[in-house]
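Structure at a glance
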Amino acid sequence: MSDVQQTLERIASASDLHALDAMRVEALGKSGWVTGLLKTLGQMSPEERQTRGPEIQAIRTQVTDAIAERKAALEAAELERKLATERLDLSLPAPERPQGSVHPVSQVMDELAEIFADLGFAVAEGPEIETDWYNFTALNMPESHPARAMHDTFYCEPRDGEPARVLRTHTSPVQIRAMQQHGAPLRLIAPGRVYRSDSDATHTPMFHQIEGVVIDRSIHMGHLKWTLETFLKAFFERDDVAIRLRPSYFPFTEPSAEVDVGWSTVKGRRVVGGQEGWMEVLGSGMVHPRVIAAAGLDPDEWQGFAFGTGVDRLAMLKYGMNDLRAFFDGDLRWLKHYGFNALAVPTLSAGVGA
Ligand code: PHE
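Residues numbered from 1 in each chain as written. Predicted model: local features only at pLDDT ≥ 70, side-chain atom pairs only at ≥ 80, totals over all residues. Heavy atoms only, no water.

- Looking at an unreviewed UniProt entry, the chain carries the name Phenylalanine--tRNA ligase alpha subunit, with the source organism given as uncultured Sphingomonas sp.
- According to the UniProt record, the Subcellular location (unreviewed entry) comment for the chain is "Cytoplasm".
- Reading the Sequence similarities (unreviewed entry) entry of the UniProt record for the chain gives the comment "Belongs to the class-II aminoacyl-tRNA synthetase family. Phe-tRNA synthetase alpha subunit type 1 subfamily." (UniProt positions renumbered as here; feature names shortened; annotations may be inferred.)

Listed below in structure tokens is the structure:
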């Protein structure tokens, strides 16, 4: 039994987990000495087994318990040692994590909302799958109106008993929905996605527009012109932004005007501001009385102006991109180059009227 005592002592003073495990194998492993003792039981006479059996089992239990006890002690000591010696240096800079950026379309939409909020405009939204009535008919484009053909419309498969639907070709249907919902007076913008079956460097099947509409009792084209001028100056952050209204035609405005903005050349690039030449940026006009009536208001009492423009196009002009398709490719290199830092977005320095 002194053998056992010695083993127990060695276990109790094992210096580390590795040494302890070697002792476990030595005693309890397949060819360990305790295992050997257990094996002898089979060859014993029943009488002998009756006395030796419990003794051998007791040895096994003692050894097993001693190992478990030493193991727990060694592990606790190891933890103590780590707690005492290892430290987290909280002053080290954290590893850099990849950070997303704000897409130019989102950035420009935010800028537009900010500018028009300064001018007292609310923001409205409407559905992208729009009924034919809101997208066309209510906007003074009855069925078979030739202007419908200009829109390269995506038509939805008609469902029995339901009104015909299209992917909205412009944000103008929000004018109707807003007048129906809020009545007049009204002053709002409606940014959002629109769809046309068209694709090249300056056209994509989905793009973004922003609509503006003002309805009140004595609105005239002077208000329209001032609003657009003020908005474009704030957006392009230049005081020398000049605009020119050219007579045009939209079924939902009368009179209608296309709005050109003056540009000039800076470092070989065309930028907005100055008057070297003109480029078209907006469609606009006085809301047609039939449109006001279709939305349920009395056109003898209410009138107003509306305008619509491409958000992507505004972004291209302001931030110098030249291929619209890149906006929707999802190429991270492009976003890294043209995207905006979400935490340090350059907001408009002045806003309107500063
Ligand atoms: N909806 C027109 C378009 O998509 C733009 C527009 C809006 C024109 C409002 C006049 C008034 O081209």
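**Concerning the overall build of the chain**
- Counting its regular elements, the chain contains eleven helices and twelve strands.
- Compactness check: the chain gives a C-alpha radius of gyration of 40 Å against a globular reference of 20 Å for 354 residues, more than 25% above the reference.
- Seen through its principal axes, the chain has C-alpha atoms that stretch 120 × 55 × 40 Å.
- Within the chain, counting contacts between residues at least 6 apart in sequence, those at least 24 apart form 65% of the total. (Helix = DSSP H or I, 4+ residues; strand = E, 2+ residues; numbered from the N terminus. Rg over C-alpha atoms; globule rule 2.2 N^0.38 Å. Contact = heavy atoms within 4.5 Å.)

**Observations regarding the site of the ligand**
- His170, Ser172, Arg196, Gln209 and Glu211 are the nearest of the 14 residues found near the ligand.
- Within the side chain of His170, one N or O atom sits 3.0 Å away from a nitrogen atom of the ligand.
- Coverage of the ligand by the protein amounts to 91% of the 330 Å² it exposes when considered alone.
- Cavity membership is defined here by more than half of the atoms lying within 2 Å of grid points; on that basis the ligand lies in the largest pocket.
- Breaking the shell around the ligand down by element, the ones donating at least two residues are β6 (206–216), β10 (277–287) and β11 (303–310).
- By residue number, the principal contributor to the shell around the ligand is β11, which donates three residues.
- Its residues assigned to classes, the shell around the ligand comprises four nonpolar, eight polar and two charged. (Near = heavy atom within 4 Å. Polar contact = N/O pair within 3.5 Å; in protein donor to acceptor, adjacent residues only side chain to side chain. Areas by Shrake-Rupley, 256 points an atom, 1.4 Å probe, with all protein chains shown as cover. 1 Å grid on protein atoms, 1.4 Å probe; cavity = no way out; pocket = protein on both sides within 12 Å on 5 of 7 lines; lining within 4 Å. Sits in = over half its atoms within 2 Å of the grid points. Nonpolar A, V, L, I, M, F, W, Y, C, P; charged D, E, K, R; others polar.)

**Thoughts on the UniProt feature "binding site: Mg(2+)" (unreviewed entry) in the chain**
- Residues annotated by UniProt as "binding site: Mg(2+)" (unreviewed entry) correspond here to Glu254.
- For Glu254, the position within the fold is in strand β8 (residues 253–266).
- Among all residues touching Glu254, those that are not within four sequence positions of it are Met286 and His288.

**A few points about the pairing of β6**
- Among the eleven residues of β6, nine are classified as buried, and the element is accordingly described as predominantly covered.
- Bridge count between strand β5 (residues 186–195) and β6: ten bridges; the pairing is antiparallel. Its bridge partner lying in β6, Gly192 is registered against Gln209.
- Where β6 and β11 come together, eight bridges link them in antiparallel fashion. (Buried < 20%, exposed > 50% of the residue type's maximum accessible area, 1.4 Å probe, protein only. Pairing = 2+ DSSP bridges.)

**Focus on the nonpolar core**
- By size, the foremost hydrophobic cluster in this structure holds 42 residues, and its most contacted members are Leu112, Leu228, Phe231, Leu232, Phe235, Phe236 and Phe327.
- Secondary-structure elements contributing two or more residues to this core are α5 (104–118), β6, α8 (221–236), β8, β10, β11, α10 (311–319) and α11 (332–338).
- Top element by residues in this core is α8. It accounts for seven residues.
- Leave out the neighbours within four places in its chain, and Leu232 touches Glu237, Val241, Ile243, Val281 and Leu282.
- Ala147, Leu186, Ala295 and Leu297 belong to the second-largest nonpolar core, a separate cluster that totals 25 residues. (Core = buried A, V, L, I, M, F, W, Y, C linked by side-chain atoms within 4.5 Å.)

**Details of the pairing of β8**
- For β8, the tally of buried residues reaches ten of 14 residues, placing the bulk of the element in the interior.
- Two strands pair when backbone bridges link them, and strand β7 (residues 243–250) and β8 are joined in this way by seven bridges, in the antiparallel orientation. When the bridges of β8 are listed, Ser248 appears paired with Ser256.
- Connecting β7 to the next strand, β8, in antiparallel fashion are two residues.
- Where β8 lies against β10, nine bridges are found, and the strand directions are antiparallel. When the sheet's bridge partners are listed, Val261 is paired in β10 with Met279.
- Sheet topology note: the β8/strand β9 (residues 269–272) ladder contains four bridges and is antiparallel. The partner of Thr265 across the bridge, within β9, is Arg270.
- With antiparallel pairing between neighbouring strands as the criterion, β8 and β9 make up a hairpin whose turn holds two residues, including Lys267 at a positive phi of roughly 50°.

**Remarks on the packing of α8 against α10**
- Put simply, α8 and α10 touch, their axes get as near as 10 Å, and they point 50° apart. In this view, α8 runs oblique relative to α10, as classed from their interaxial angle. Contact residues: α8 offers Phe231, Phe235 and Phe236, while α10 offers Leu314, Leu317 and Lys318. (Axes fitted to C-alpha atoms, helices over the stretch in contact; angles between N-to-C directions. Parallel < 35°, antiparallel > 145°, perpendicular 65-115°, else oblique.)

**Here's the deal with the packing of helix α2 (residues 17–28) against helix α3 (residues 33–40)**
- Their axes nearest at 3 Å, the elements α2 and α3 cross at an angle of 15°. The orientation of α2 relative to α3 falls into the category roughly parallel. Counted together, Glu26, Ala27 and Leu28 of α2 and Trp33, Val34 and Thr35 of α3 form the full contact between these two elements.

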